[in-house]
Amino acid sequence: MGNRTVQKFMQEALPKASKATRTLAGNLIAITLSAVGKQFSNSPRSPAEIEAHADALADMFCAYLKTRAASEDKRRNNNRPRNAA
């Protein structure tokens, strides 16, 4: 997966995140996809097995990206000046 593709995807997936956060997330996802793909392709798989693993991996990445986005929102909110009541 090309670096530009990952960067563009991360900008769309984590638009409020800092560049450092998007870079880290993109690197982790790219490394994970590469490692899992290499390991997974070492054995013959049925179409059902491939689909089940792909769905599980997609769910894992979605959960990770949701968590990163929520962490960025929380960080942003904690850094906002609070109005005196």
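Look above for the structure.
Residues numbered from 1 in each chain as written. Predicted model: local features only at pLDDT ≥ 70, side-chain atom pairs only at ≥ 80, totals over all residues. Heavy atoms only, no water.

> Please set out the overall build of the chain residue by residue, giving values where relevant.
Helix and strand counts for the chain come out as three helices and zero strands. The linear arrangement of helices and strands in the chain, starting from the amino end, is α-α-α. A globule of 85 residues ought to have a C-alpha radius of gyration of about 12 Å, yet the chain, at 17 Å, is considerably larger. Over its C-alpha atoms, taken along the principal directions, the chain stretches across nearly 65 × 25 × 15 Å. Within the chain, the fraction of its 85 residues that count as buried is 16%. Looking at the chain alone, contacts between residues at least 24 apart form 63% of all its contacts between residues at least 6 apart. (Helix = DSSP H or I, 4+ residues; strand = E, 2+ residues; numbered from the N terminus. Rg over C-alpha atoms; globule rule 2.2 N^0.38 Å. Buried < 20%, exposed > 50% of the residue type's maximum accessible area, 1.4 Å probe, protein only. Contact = heavy atoms within 4.5 Å.)

> Describe the pattern of salt bridges, and please don't skip the residues or the numbers.
Scanning all chains against the criterion turns up two salt bridges. Where Glu-12 meets Lys-8, a salt bridge forms, and the shortest distance between an N and an O atom there is 3.7 Å. Here the residue Glu-12 and the residue Lys-8 both occupy positions in helix α1 (residues 3–13), the gap between them amounting to four residues, near one helical turn. Glu-12 gets classed as exposed once you look at its relative accessible area, which sits at 57%. (Salt bridge = Lys/Arg side-chain N within 4 Å of Asp/Glu carboxyl O.)

> Any chance you could break down the nonpolar core for me, citing the residues and the numbers?
Listed in full, the nine residues of the largest apolar core are Val-6, Met-10, Leu-14, Ala-17, Ala-25, Ile-29, Leu-57, Phe-61 and Leu-65. If you list the elements that add at least two residues to this core, you get α1, α2 (19–40) and α3 (47–79). It is α3 that contributes the most residues to this core, three residues altogether. Discounting chain neighbours no more than four positions away, the residues touching Leu-57 are Leu-33 and Val-36. (Core = buried A, V, L, I, M, F, W, Y, C linked by side-chain atoms within 4.5 Å.)

> Talk me through α3; I want residue IDs and the actual numbers.
Taking 1.5 Å per residue as the helical rise, α3 with its 33 residues ought to reach 48 Å, and the 48 Å between its terminal C-alpha atoms agrees with that figure. Those residues of α3 that sit buried are Leu-57, Phe-61, Leu-65 and Glu-72. Check the buried side of α3 and you find it contacts α1 and α2. (Expected span 1.5 Å × (residues − 1).)

> Break down the packing of α2 against α3 for me, citing the residues and quoting the values.
Helix-helix packing is characterised by the crossing angle of the two axes and by the distance between the axes. One can describe the packing of α2 onto α3 by two numbers: an axis separation of 12 Å at closest approach and a directional angle of 165°. With respect to their mutual orientation, α2 and α3 come out roughly antiparallel. α2 and α3 meet at a crossing whose hand is right-handed. Facing Thr-21, Ala-25, Leu-28, Ile-29, Thr-32, Leu-33, Val-36 and Phe-40 of α2, the residues of α3 in contact are Glu-49, Ile-50, His-53, Leu-57, Met-60, Phe-61, Tyr-64, Leu-65, Arg-68 and Glu-72. When grouped by side-chain class, the residues that make up the contact of α2 with α3 number twelve nonpolar, three polar and three charged. (Axes fitted to C-alpha atoms, helices over the stretch in contact; angles between N-to-C directions. Parallel < 35°, antiparallel > 145°, perpendicular 65-115°, else oblique. Left-handed = near helix turned anticlockwise from the far one by under 90°. Nonpolar A, V, L, I, M, F, W, Y, C, P; charged D, E, K, R; others polar.)

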